[in-house]
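Coordinate analysis (summary)
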Amino acid sequence: MADRIYRVNMSDLTSTIEDVPEAWAGHGGRGLTSTIVAAEVEPTCHPLGKHNKIVFAPGLLAGTYAANSGRLNVGAKSPLTGGIKESNAGGTAAQFFARLGIKALIVEGKPEKDVLYCINVKKDGVDISEVPELKGKGNFDTINAIMAKQGENTAVISIGPAGEMKMAAANISVKDPEGHIRSAGRGGLGAVMGSKNVKCIAIEADDSSEVQIHDPEAFKAAAKVFAKGLIDHPVSGQGLRTYGTAVVLNIMNEAGGLPTRNFSAGQFEGAEKISGEHMFDVIEERGGKTSHACHKGCVIQCSQHYHDKDKKFLTSGFEYETIWAMGADCEVDNLDQIAEADHLMDDIGIDSIEFPVAVGVAMEGGLLPWGDGPGILKLLKEDVAKGTPLGRLLGSGAAVVGKAYGITRVPVVKNQAMPAYDPRAVKGIGITYATSPMGADHTAGYATATNIMNVGGSIDPLKKEGQVELSRNLQAATAAIDSAGLCLFVAFPALDIPECFGAIVDMLNARFGLSLTGDDVGALGLSILKTERGFNLAAGMTNKDDRLPEFMAEEQLPPHNVLWDFTGEEIDAFWDF
Amino acid sequence: MQVAVKLFAHFRNNRFKKEVRTIAPGVTVGAIVTELSIAEEEVGVVLINGRHGSLDQALAEGDILSLFPLVGGG
């Protein structure tokens, strides 16, 4: 069975199943969502209007037994940045889509009726049902309601109240194998789903069919080499599994690049208390799980079960970025409070980078004292979840909050909040923040690996030399990894172990009967970046949007007392390809 | 002279988080790593006062040496 495109029109509540156009056939994951958005969405449209479309796509290797191939890519025009957006997450949805032979699900239009809908994706097609009972419900209640009705082994994609209220920081949740949540966090895609009154998408399990593999023997051999690379490399095989993604908190702090107190310092006094090492000790002591897979076939297992003081499950998928944002950036040094906020943000459906960074900006404006963890929890419960005017303001993201409070230290690019690496002290990631068509996004080209962690070589984080080229190479590689539907963490072994990178190319070739080379895969990544940038330029952005905020060139970041010192011309050279 | 040594991730197991050590002038990072029974090839990142350093670098009075295995994530 050839893969198909499923299209749902929310204006008239109809759906179609279409053959894959030739121009889309070689794409998957991010390459496909961005190609479809660029082809079908008017770049100047209102992101919450009927002309925007939201596209869900599994990667090219999804549904196969390739390790770590279960990422779901979601694309649309972003209400946060005003540009193209792709955000991805683990969970079970991508593999279920792939097994149903669905290359992409496009949701378009906008219903007349003010009621929420669930899109039910099944083997024989799609039906759309009204779910008024889920109005205002959190993601956990929503997932539980779908599981109760359609069985536990149903994949669920959903939005919480933040998405229903169309907050620009609203995310999209994807159920993991245990009914917990992974998030396509960035850029307000939850608001786009909410604008179409789609509360959730339920995808039927189809264990009877498997994805077709052109050359099963070659695929098996390559998949084995690939998995071995993931297990052998110390980052993916050891550090992430033991300490989770927060393993990098201490190294960022020691290197002076951990943004602290709304990006006014590069080291946080309370770093140790929110580090991956501390989290490991707490989880062990309380009987949680230090490693856990967010989708079937994940061998890295960076997720965990974090228990509260009473040894009851509190949260999972407890990430470095979240811990840093509410931790160092808001100066909260209490991991239990951050874990509770993580659970609340999952349930409300709000980006756990954008929201706490917005709170950091508001703290600068005097909303709360620095370090007021209980105050942040109260804001989530009483303001964001309930949609008070203050909650809606904070849910609009860091840039809007900065304007509302008259703050100049607002760490955003293209209106998207910067993640957990200060670009003054990690200059390579600064080039990624500046140039990525996604806005400030560490995952778009993780130059921190080579700047700080000596992975994929090493480049001095405090110098400009080599950073533009590094970011370009990593952004192209990332676009390709996102298209394969692989977890980005496969990049750590792939950068250091040539056979591991080669195995990705071999798996793509064996799956589809192709003869791609490593260069072809790099070229695919570059072409995706161009497609995405083309959309942004047509939407009205210019090269002047590829800039970091002014304060970074004027306020020295301690302890190294460094400034952001790239000229506009040097940044623009990124696009010389 | 005195230097502070900080260990991270599994380097802490059966060792310490932070220790002030008295060393002779000219002692290198590599010598300290050996003294701690850490295999040199296991060392992913050396930071001296927050700047990247190397195993053959000699330490100076008051230096803070941070040792990491290869780590990544985020």
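Only a predicted model underlies this, so the values are computations on that prediction, with no experimental measurement involved. (Residues numbered from 1 in each chain as written. Chains lettered and ligands numbered in written order. Predicted model: local features only at pLDDT ≥ 70, side-chain atom pairs only at ≥ 80, totals over all residues. Heavy atoms only, no water.)

**Things to note about the overall build of chain A**
This is how it is decided: A run of H or I in DSSP becomes a helix once it reaches four residues, and a run of E becomes a strand once it reaches two; helices and strands are each numbered from the N terminus. Per-residue accessibility, obtained with a 1.4 Å probe over protein chains only, is compared with the maximum for each type, and a residue is labelled buried under 20%, exposed over 50%, and partly exposed between these values. Here, residues are in contact when the closest pair of their heavy atoms is within 4.5 Å. Only the protein chains shown count as covering a residue, and every accessible area follows the Shrake-Rupley method with a 1.4 Å probe. Charge assignment in this entry is limited to Lys and Arg as positive and Asp and Glu as negative, and neither His nor the chain termini are counted. A single reference atom marks each charge: NZ on Lys, CZ on Arg, CG on Asp, CD on Glu.
Per the secondary structure count, chain A includes 23 helices and 17 strands. In chain A, which comprises 577 residues, the share counted as buried stands at 64%. By sequence separation, contacts in chain A at least 24 residues apart represent 70% of the contacts at least 6 residues apart. For chain A, the computed accessible surface area is about 19,100 Å², with 50% contributed by carbon and sulfur atoms. Chain A carries 52 positive and 74 negative side-chain charges, and their two centres are separated by 4 Å.

**Digging into the domain arrangement of chain A**
Residues and elements named next belong to chain A. Worth spelling out the cut-off: Note: domain ranges come from an automatic or database domain assignment. What counts as buried area is the accessible surface, traced by a 1.4 Å probe, that two parts surrender upon association, with contributions from both included.
In terms of domains, chain A is made up of domain 1 (4-203) and domain 2 (258-422). On a C-alpha basis, the centroid separation for the pair domain 1 and domain 2 is 25 Å. If you look at the interface, domain 1 gives 35 residues, while domain 2 gives 39 residues. When domain 1 packs against domain 2, the two sides together hide about 2,800 Å² of surface, and 49% of this comes from carbon and sulfur.

**Some words on empty space enclosed by the protein**
Residue and element names in this part refer to chain A. Short version of the rule: Space inside and on the surface of the protein is sampled on a 1 Å grid over the protein atoms alone, with a cavity defined as a set of points where a 1.4 Å probe fits but cannot get out and a pocket as an open set with protein on both sides within 12 Å along at least 5 of 7 lines; lining residues have an atom within 4 Å of a point. Grid points are joined across faces, edges and corners, and a volume is the space filled by probe spheres set on the points. Polarity classes work like this: nonpolar for Ala, Val, Leu, Ile, Met, Phe, Trp, Tyr, Cys and Pro, charged for Asp, Glu, Lys and Arg, and polar for all others, with Gly in that last group.
Scanning all chains against the criterion turns up three cavities of 30 Å³ or more. Size it by volume and the largest cavity reaches roughly 90 Å³. The wall of the largest cavity is formed by 13 residues, among which D3, P58, G59, K103 and R511 lie closest to the centre. Looking at side-chain class alone, the lining of the largest cavity contains seven nonpolar, three polar and three charged residues. The calculated volume of the second largest cavity comes to roughly 50 Å³. Forming the boundary of the second largest cavity are K414, T435, S436, P437, R533, N536, L537, M541, T542, D546 and W575. When residues in the lining of the second largest cavity are grouped by element, the largest group, three residues, is from helix 21 (residues 518-539).

**Description of the interface of chain A and chain B**
Here is the rule we go by: Basic side-chain nitrogens of Lys or Arg form a salt bridge, by our definition, when they fall within 4 Å of a carboxyl oxygen of Asp or Glu. In protein, a polar contact requires one atom able to donate a hydrogen and another able to accept it; more generally it is a pair of N or O atoms within 3.5 Å, and residues adjacent in sequence count only if both atoms are side-chain atoms.
Tallying the contact residues gives 32 residues for chain A and 21 residues for chain B. Of the roughly 2,100 Å² buried where chain A meets chain B, counting both sides, 59% is carbon and sulfur surface. In terms of surface lost to chain B, no three residues of chain A exceed Y243(A), I251(A) and E254(A), which account for 25% of the buried area on that side. Here chain A is connected to chain B by four salt bridges. R51(B) is paired through a salt bridge with D460(A); the nearest N and O atoms lie 3.5 Å apart. Put simply, chain A and chain B have 12 residue pairs in polar contact (both at pLDDT 80 or more) between them. For the side of chain A that touches chain B, the secondary-structure elements that each account for two or more residues are helix 7 (234-243), helix 8 (249-254), helix 10 (320-326) and helix 19 (491-496) of chain A. Take the side of chain A that touches chain B: its biggest share by element is five residues, from helix 7 of chain A. Across the side of chain A that touches chain B, the residue classes tally to 18 nonpolar, eight polar and six charged.

**Overview of the packing of aromatic side chains**
All names here are of chain A. Stated formally: Here a Phe, Tyr or Trp ring, Trp counted by its six-membered ring, pairs with any other such ring whose centre lies within 6.5 Å, and the pair is stacked when the planes are under 30 degrees apart, edge-to-face when over 60, and tilted otherwise. Criterion for a charge above a ring: Lys NZ or Arg CZ within 6 Å of the ring centre, and within 35 degrees of the ring normal.
With the rule as written, the count across this model stands at 13 aromatic pairs over all chains. For the ring pair F263 and W324, a centre distance of 5.8 Å and an interplane angle of 85 degrees mean the geometry is edge-to-face. Taken together, the positions of F263 in the loop between helix 8 and helix 9 (276-286) and W324 in helix 10 put the pair 61 residues apart, joining distant regions of the chain. Judged by relative accessible area, which is 0%, F263 ranks as buried. Its relative accessible area of 0% is what places W324 among the buried residues. With a centroid separation of 5.9 Å and an interplanar angle of 35 degrees, the aromatic rings of F489 and F492 are classed as tilted. Look at F489 and you get buried, because its relative accessible area is 11%. Look at F492 and you get buried, because its relative accessible area is 4%. Within the aromatic cluster, the residues linked to one another by ring pairs are Y320, Y421, Y446, F489 and F492. Cation over ring: K464 sits above F566, and NZ or CZ is 5.5 Å from the ring centre.

**With respect to the packing of helix 18 (residues 467-484) of chain A against helix 21 of chain A**
Residue and element names in this part refer to chain A. Quick reminder of the rule: Only the contacting stretch of a helix is used when fitting its axis, a line to C-alpha atoms as for every element, and angles between N-to-C directions run 0 to 180 degrees. Angle categories are assigned with fixed cut-offs, so that under 35 degrees is roughly parallel, over 145 is roughly antiparallel, 65 to 115 is roughly perpendicular, and the rest are oblique.
Interhelical geometry of helix 18 versus helix 21 gives an angle of 95 degrees and a closest axis separation of 7 Å. Here helix 18 lies roughly perpendicular to helix 21, going by the angle between them. Where helix 18 approaches helix 21, its residues R472, Q475, A476, A479, A480 and S483 are matched on the opposing element by V521, G522, G525, L526, I528 and L529. Among the residues forming the contact of helix 18 with helix 21, the class breakdown is seven nonpolar, four polar and one charged.

**Overview of the nonpolar core**
Test applied: For the purposes of this section, nonpolar cores are sets of buried Ala, Val, Leu, Ile, Met, Phe, Trp, Tyr and Cys residues that join through side-chain atoms within 4.5 Å.
By size, the foremost hydrophobic cluster in this structure holds 130 residues, and its most contacted members are F226(A), Y320(A), W324(A) and Y421(A). Taken together, domain 1 (4-203) and domain 2 (258-422) of chain A each give at least three residues to this core, which thus spans both. With residues up to four places along the chain from it excluded, the contact list for Y320(A) reads T245(A), A246(A), V248(A), L249(A), M252(A), L258(A), A420(A), Y421(A) and G74(B). M10(A), F97(A), V107(A) and V174(A) belong to the second largest nonpolar core, which has 34 residues in total.

**Some points on the pattern of salt bridges**
All names here are of chain A. In total, this model carries 40 salt bridges over all chains according to the counting rule given. For R30, the salt bridge goes to D482, with nearest N and O atoms at 3.0 Å. With a gap of 452 residues between them, R30 in helix 1 (residues 29-40) and D482 in helix 18 connect regions that are remote in the sequence. Assessed through its relative accessible area of 6%, D482 is described here as buried. Here E570 and K464 are joined by a salt bridge, their closest N and O atoms 3.0 Å apart. Highlighted residues: E570 in helix 23 (residues 568-572) and K464 in the loop between helix 17 (448-451) and helix 18, separated in sequence by 106 residues. Look at E570 and you get partly exposed, because its relative accessible area is 31%.

**Considering the layout of surface pockets**
Rolled over the atoms, a probe as big as a water molecule pinpoints where empty space is left. Residues and elements named next belong to chain A. The computed volume of the second largest pocket comes to approximately 510 Å³. Taken together, 21 residues form the lining of the second largest pocket, with G63, T64, Y65, R99 and K296 sitting closest to its centre. Broken down by element, the lining of the second largest pocket gets its largest block of residues, three residues, from helix 2 (residues 93-99). Residues belonging to the lining of the second largest pocket are distributed by class as follows: seven nonpolar, eight polar and six charged.

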